[in-house]
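Here's the letter readout for the chains.
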Amino acid sequence: MPINNFVAKIIPIVNNKVDSSAPVVSAADEKYQVMAETMRVMARTQPQKNLTPVHIDFATKKTSVVFVLMPPWGKFFPPYNIARLSAITRAAGYNTAVFDINIKSYLHFKNNKLVDYDPWEYSREAMWANQQYDTDLRPHIEPLFQEYVEKIVSLNPDVIGFSLYYTNEQCATWMAMELKRRLPNTVILAGGPQAQKSYVHPVDEFDHIVQGEGEALLLEILDRVENGQPIGDRYIKQPSGQRIDLDSLPFPDYSDYDLNDYVIPNGISAELSRGCVAKCTFCSETLFWKFRGRLSGNILDEIEHQYKTYNIDVVWFIDSLVNGNLKELRAFAQGVVDRDLKISWQGYSRCDDRMDLDYYRDLKASGCFSLCYGIESGNQRVLDAMKKNIKVAEIEQNLRDTAVVGIKSDLNWLIGFPNEDPSAFADTMTLMWRMRNFNLNWVSSGLTMMKDPETDVGINYHKYNILEESFLNTWLTSKLDNTCIHRKIRMKTFELFLLEINVEPVVQKTFKKSFFRTSLSNTYHVKYESDTLNEIEYEQFDYDIIKPEINMLADSVVNEIWPVLRLLWRTRGAYETVITFDPESDGQDYGHRLDCDYTATHKFKIDNNGNWTADFEYKLVLPENPWDPGPAPVSMLPWVDHSFEHRYFGTGCWAVSDIA
Ligand code: B12
Ligand code: SF4
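Caption draft 1: Local environment of the sheet that holds strand β3 (residues 64–69). Strands sit in the order β4-β3-β5-β6-β7-β8 across an open sheet of six strands; the sheet is parallel. Of all strands in the sheet, those bounded by a partner on one side alone are β4 (95–100) and β8 (235–237). For this sheet, the mean angle separating the axes of adjacent strands, direction not counted, is 20°. As defined by bridge partners, strand β6 (residues 187–191) adjoins strand β7 (residues 208–211) across two bridges and the pair is classed as parallel. The residue bridging Ala190 from the neighbouring strand is Ile209, located in β7. Sheet strands in contact with helix α4 (residues 101–111) are β3 and β4, and its direction is about 30° off that of β4.

Here it is, written out as structure tokens:
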């Protein structure tokens with residue numbers, strides 16, 4: 001079938017204005033005037049300076065383009081990036097088709113009950129790149145992929161574009177190879193997060209790697225194909241510092257998708273801005289592009305268009321943060337009320353002490369049902385090193401106000417930042433406890449700190465006392481007191497603590513449901529003496545309790561269990577517990593990122609007066625060269641095996657005055 005017949009719809013966009021059948025608010029309308037007046041005081045009337053508009057001239061073209069999204073990627077909404085790009089290629093007159101093979105694969109697994117778990121759960125991401133893919137997924141999924149190969153080949157497109165994530169690299173590469181074999185003259189492009197900067201591992205089948213915002217670059221590429229000109233370099237990069245004017249783009253095109261395929265069929269994504277106003281030292285989001293917002297009037301027009309065209313009433317803002325421009329966000333909220341759009345929306349947010357109760361009330365009135373905060377840590381020293389630019393007390397205030405107005409909060413934590421020690425980690429649990437009743441929707445313990453090569457931590461790792469070498473395939477500090485062993489213990493004990501926050505059922509329910517730690521609850525038990533629930537303050541506490549003097553690594557690992565033991569006592573009073581670690585069950589829960597051969601049993605008992613007894617056993621087995629593939633750092637030579645076995649019996653007494 002020629003691609004012309006295949007393409008379902010071309011949204012007519014002339015001079016960059018959507019001419020849809022959806023009712024458009026007329027500027028002459030009295031209500032519109034009143035509304036514009038209310039918003040004017042808050043919204044910018046002019047776009048930001050130094051933005052690059054995307055010029056789209058419509059003319060019927062002979063070139064055809066197919067966009068492909070391979071699994072696994074989000075199952076909740078249609079892909080926003082492709083909806084953006086396909087709107088532009090159609091607006092410019094290119095024949096365009098979209099294949100969201102990701103969602104079709106998800107439905108294939110779900111509807112046919114092919115496996116008894118959901119491979120699209122976040123905690124399953126590793127299986128898409130390891131041998132489990134070959135045994136559990138490939139046999140089911142490749143026949144489906146083959147069907148799509150046939151469909152795409154039958155269209156014989158001039159250009160095929162893949163959106164790459166690290167999650168879908170394996171499947172996208174397979175598909176690109178198959179298509180290249182069948183369509184050797186078709187130009188195959190890769191764009192998306194995994195095509196950026198040093199993340200990309202391009203295979204030859206991708207003819208060009210598009211780096212940066214795709215809108216203008218793609219039009220340039222297609223223009224060259226249309227005019228029979230060479231496309232140019234293999235890497236096609238957005239000019240450094242360029243920021244696309246998002247208000248100059250046509251609205252994302254969702255006509256290619258059956259919204260019922262997605263987990264939230266009445267929802268779509270949207271963006272108020274791109275980039276982030278902050279520059280947290282661990283975060284890669286800001287490296288992709290610099291911050292710029294949209295005019296609230298433009299985003300309101302877009303949402304009104306989608307609301308009326310697709311009958312959606314849920315909007316998920318995909319911005320790095322929705323509150324990069326506080327005034328504009330408030331103007332947007334006001335506009336939703338004025339236009340009487342009955343939507344619910346959510347988005348990522350920074351904590352910011354300029355957001356007070358009234359501000360949150362305006363967000364709530366506009367349908368904001370949840371804000372997803374990157375809390376990361378409860379320790380000020382760690383937050384400062386992360387350059388989060390926020391005080392712990394301000395985080396608490398924001399979260400309290402969010403709850404007061406009835407907006408739900410999602411919390412994201414980042415365990416194991418380089419300067420996080422056991423005491424700082426205990427502050428994280430303290431903050432979590434203090435916020436437990438703040439109308440929480442879900443809590444994510446995250447993936448633990450990863451050293452992203454493009455971030456300040458990745459580039460200036462010496463500043464953070466991180467070694468250049470990797471140990472057990474991941475980063476570590478020069479004192480060997482923050483390795484993947486420490487981070488695994490912190491991650492597991494943090495999650496254990498979350499499970500024990502039994503007070504707010506929603507935390508427990510959603511945590512258990514969405515995080516698939518299948519082994520966690522089988523590897524510990526706690527018996528409390530009473531139903532005590534104490535409110536606690538942050539404290540300075542020395543967790544260097546056991547001093548076995550085995551080696552640098554062992555001497556810190558043996559003390560990693562204390563923060564959770566102390567926090568359980570401070571929050572819940574007398575209890576006894578057994579907490580175990582073993583490589584197999586922990587490996588199931590924490591996978592390749594935190595893989596290490598660590599076994600431990602902690603038997604611990606404490607009474608209401610703080611008298612405790614401890615019986616701990618540990619065994620760490622390191623490979624012959626844990627620094628593999630490189631040699632050990634010069635400062636550690638000659639490398640002596642740091643594996644250890646240790647047994648600790650001890651008693652002590654913690655001051656009851658430390659509880660509150
Ligand atoms: C929304 C979102 C999600 C949603 C997805 C919603 C859905 N569709 O159901 C949810 C919350 C489910 C999600 C989950 C995950 N996410 Co996420 N997510 C995002 C987020 C915030 C926005 C994505 C987006 O739409 N961006 C806006 C669009 C316009 O940008 P874009 O996708 O980069 O596309 C532009 C260019 O890249 C380029 N482009 C893209 N594709 C193509 C194709 C061609 C041919 C061309 C020419 C250009 C091009 O042009 C586009 C327009 O300029 C991004 C961060 C961010 N701010 O981008 C992270 C991000 C994409 N997610 C990421 C990750 C790691 C994940 C998870 C793996 C996390 C985890 N382990 O728990 C999971 C995976 C889910 C799964 N099952 O596979 C990473 C990806 C990193 C990487 N290198 O792959 C990001 C970048 C966050 C980060 N900084 O680490 N995510
Ligand atoms: S962590 Fe959040 S606030 Fe910080 S730079 Fe990244 S997106 Fe922005």
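Now that the structure has been shown, we can carry on.
Caption draft 2: Fine view of the sheet that holds strand β20 (residues 611–621). Spatial strand order, β17-β18-β19-β20-β21: five strands in an open sheet with antiparallel pairing. Of all the strands in the sheet, the pair left with one neighbour each is β17 (524–528) and β21 (644–653). Looking at each pair of strands side by side, their axes are set apart by 5° on average, direction ignored. The pairing of strand β18 (residues 575–581) with strand β19 (residues 597–606) spans seven bridges and is classified as antiparallel. Residue pairing for β19: Val578 is matched across the bridge by Lys603. Across the sheet, helix α19 (residues 562–572) lies against β17, β18, β19, β20 and β21, angled at about 155° from β18, the strand it touches most.

Caption draft 3: Representation of helix α20 (residues 583–590). Among the residues making up α20, those that are buried are Ser585, Asp586, Asp589 and Tyr590. One face of α20 carries all of its buried residues, which in axial projection span an arc of 115°. Residues of α20 that are exposed and point more than 90 degrees away from the buried face comprise Glu584 and Gln588. Buried residues in α20 make contact with α16 (484–500) and β18.

Caption draft 4: Seen up close, the packing of aromatic side chains. The tally for this structure, following the rule as stated, stands at 41 aromatic pairs. Taken together, a centroid distance of 6.1 Å and an interplanar angle of 90° make the contact between Tyr254 and Tyr310 edge-to-face. Taken together, the residues span a long stretch of sequence, with Tyr254 in the loop between β8 and β9 (267–270) and Tyr310 in helix α9 (residues 296–310) at a distance of 56 residues. The exposure classification of Tyr254 matches that of Tyr310, with both residues buried. Ring geometry for Tyr575 versus Phe604: centroids 6.0 Å apart, planes at 45°, classification tilted. Of this pair, Tyr575 sits in strand β18 while Phe604 sits in strand β19; the two residues are 29 residues apart in sequence, bridging distant segments of the chain. Just as Tyr575 is buried, Phe604 falls in that class too.

Caption draft 5: Broad picture of the pattern of salt bridges. Within this structure, the stated rule accounts for 42 salt bridges. Residue Glu213 is joined to Arg292 by a salt bridge in which the shortest nitrogen-to-oxygen separation is 2.7 Å. One end of the pair, Glu213, is in the loop between β7 and α7 (214–226); the other, Arg292, is in strand β11 (residues 292–293), with 79 residues separating them in the sequence. Summarising the burial analysis for this pair, Glu213 and Arg292 share the class buried. The residue Glu396 makes a salt bridge to Arg434 at a minimum N-O spacing of 2.6 Å. Within this pair, whereas Glu396 is found in helix α13 (residues 392–404), its partner Arg434 is found in helix α14 (residues 422–434), the two being separated by 38 residues in sequence.

Rules used throughout
- Residues numbered from 1 in each chain as written.
- Chains lettered and ligands numbered in written order.
- Predicted model: local features only at pLDDT ≥ 70, side-chain atom pairs only at ≥ 80, totals over all residues.
- Heavy atoms only, no water.
- Pairing = 2+ DSSP bridges.
- Helix = DSSP H or I, 4+ residues; strand = E, 2+ residues; numbered from the N terminus.
- Axes fitted to C-alpha atoms, helices over the stretch in contact; angles between N-to-C directions.
- Contact = heavy atoms within 4.5 Å.
- Buried < 20%, exposed > 50% of the residue type's maximum accessible area, 1.4 Å probe, protein only.
- Arc of directions from axis to C-beta.
- Phe/Tyr/Trp six-rings, centres within 6.5 Å; stacked < 30°, edge-to-face > 60°.
- Salt bridge = Lys/Arg side-chain N within 4 Å of Asp/Glu carboxyl O.

Keep in mind these values describe shape, not function.
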